[in-house]
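Structural overview
The chain contents come next:
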Amino acid sequence: MSRAVSVSLQKGGVGKTTIAINLADALAARGNDVLLVDLDQQGNATEGVGLKDAYESSEPNIGDVLTDDDPIDVHEVIRDRESFDVLPSHVDLDDIEDRVRNSTFGVLWVRRRIVDPLLGDDYDYIVIDSPPSLGPLSDAALIGTGNVVVPLLMSEPSVSGFERMFEQQIGPIRREVDLDILAIVPNDLTGNNEEKRIIRDLEDSPFERFIPPFAHSDLFDDPDSKGPGIRHRIAFSRAWRDGKTLREYDPSNDMLDRLDQLAEIVERGGTNDA
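Residues numbered from 1 in each chain as written. Predicted model: local features only at pLDDT ≥ 70, side-chain atom pairs only at ≥ 80, totals over all residues. Heavy atoms only, no water.

Turning to the layout of surface pockets, a few remarks are in order. Space inside the largest pocket adds up to approximately 450 Å³. Around the largest pocket, the lining comprises 22 residues; the ones closest to its centre are V14, G15, K16, T17 and T18. Sorting the residues of the lining of the largest pocket by element identifies α1 (16-29), β6 (180-189) and α10 (234-241) as the ones contributing at least two each. In the lining of the largest pocket, the residues fall into 6 nonpolar, 10 polar and 6 charged. (1 Å grid on protein atoms, 1.4 Å probe; cavity = no way out; pocket = protein on both sides within 12 Å on 5 of 7 lines; lining within 4 Å. Points joined across faces, edges and corners; volume = space filled by probe spheres on them. Helix = DSSP H or I, 4+ residues; strand = E, 2+ residues; numbered from the N terminus. Nonpolar A, V, L, I, M, F, W, Y, C, P; charged D, E, K, R; others polar.)

L23, L36 and V127 are the most contacted members of the largest nonpolar core, which totals 61 residues. Top contributing element to this core by residue count: α1, with 8 residues. When near neighbours in sequence (up to four residues on either side) are disregarded, L36 contacts A20, I21, A24, A45, V49, F84, D85, V86, L87 and V127. Judged by nonpolar contacts, the second largest core, of 25 residues, contains L66, V77, L87 and A141. (Core = buried A, V, L, I, M, F, W, Y, C linked by side-chain atoms within 4.5 Å. Buried < 20%, exposed > 50% of the residue type's maximum accessible area, 1.4 Å probe, protein only. Contact = heavy atoms within 4.5 Å.)

On to the pattern of salt bridges. Taken as a whole, this structure holds 15 salt bridges when the rule is applied. R241 is the partner of D242 in a salt bridge, and the nearest nitrogen-oxygen pair spans 3.2 Å. Note on D242: relative accessible area 38%, which makes it partly exposed. (Salt bridge = Lys/Arg side-chain N within 4 Å of Asp/Glu carboxyl O.)

One way to put it is that α1 packs onto helix α12 (residues 256-268) with a least axis distance of 9 Å and a crossing angle of 75°. Relative to α12, the element α1 is oriented roughly perpendicular. Of α12, the residues touching α1 (which contributes I19, N22, L23, A26 and L27) are L259, D260, L262, A263, V266 and E267. Here the residues of the contact of α1 with α12 are counted per class, giving 8 nonpolar, 1 polar and 2 charged. (Axes fitted to C-alpha atoms, helices over the stretch in contact; angles between N-to-C directions. Parallel < 35°, antiparallel > 145°, perpendicular 65-115°, else oblique.)

Turning our eyes to something else, we now look at the pairing of strand β1 (residues 3-7). Sheet faces and side chains relate simply in a regular strand, where the side chains alternate between the two faces. Burial within β1 is extensive, with 5 of its 5 residues counted as buried. Neither face of β1 is left uncovered, since the one carrying R3, V5 and V7 and the one carrying A4 and S6 both have all their residues buried. The pairing of β1 with strand β5 (residues 147-152) spans 2 bridges and is parallel. Bridged to V7 within β5 is V149. (Pairing = 2+ DSSP bridges.)

Tracing the chain through its elements places S89 in the loop between β3 (85-87) and α5 (93-102). At 2.8 Å, the side chain of S89 forms a polar contact with the backbone oxygen of D40. Apart from residues lying up to four places away in sequence, S89 is in contact with D38, D40, Q41, G43, T46, A54, Y55 and I62. (Polar contact = N/O pair within 3.5 Å; in protein donor to acceptor, adjacent residues only side chain to side chain.)

Let us now look at empty space enclosed by the protein. Here the structure, examined in full by the defined rule, presents 1 cavity of 30 Å³ or more. In this structure, the largest cavity is lined by T17, T18, I21, N22, G48, F236, A239, W240, K244 and L246. Taken together, the elements giving at least two residues each to the lining of the largest cavity come down to α1 and α10. It is α1 that provides the largest number of residues to the lining of the largest cavity, a total of 4 residues. Of the residues contributing to the lining of the largest cavity, the split by class is 5 nonpolar, 4 polar and 1 charged.

Looking now at the sheet that holds β3. The 7 strands are arranged β3-β2-β4-β1-β5-β6-β7 in an open sheet whose pairing can be described as parallel. Every interior strand has two partners, whereas the edge strands, β3 and β7 (230-231), have only one.

Below is the structure:
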């Protein structure tokens, strides 16, 4: 079954772009045709897959797709890449967000101009790296995909950011359209006591069912485990610096298995589906 998913949290610095890039890569490694869409105005996913030149390109860009003035076909701005394709971000995305905000049906443009024309026909999976803030582009990504993966640092500011997102964005959108949380992904863990406390708090909350099996707190005490979640590995930042996925930079990295498990969750449509 084809599926689109946003990787989103209304808090910066949680590794959102790292998860988006490497989720797209993991889905592709499982034999799927995948498109990574960079809707973040900062263009970090675009740079992180080696397409920095596209961010300031004068050629047609994502802004020409998301416009109410004679939009161009999305196929014209997709960049081919070895394992998956990319719809790059652009330096003008702040202006594009204003267009989305000021147009009656602007929040539907991601669905109508990107997801609907491509999902199922051209791609099995579309992964969107969303902006790290509340706003019309972030809303458009969630509405357009109908699914979200939430990366979280195990810190109080990160969890508070998710709680605000759930109350101020996910909840209101859910009252109008379907929007499923596929997974909450503890990210960049080092194994300190604060991380243990926060994961256990999440497991005692209504959000427990969204935590993947590879992120459960009992792995802290398993001598044969690396510990729960996506662990801190310097290879993630070095791969981004080189414009590569983790798999391309370090094909033996021990986090590739965790990313594969996350890709399987996306394929199934959630952590609890059989």
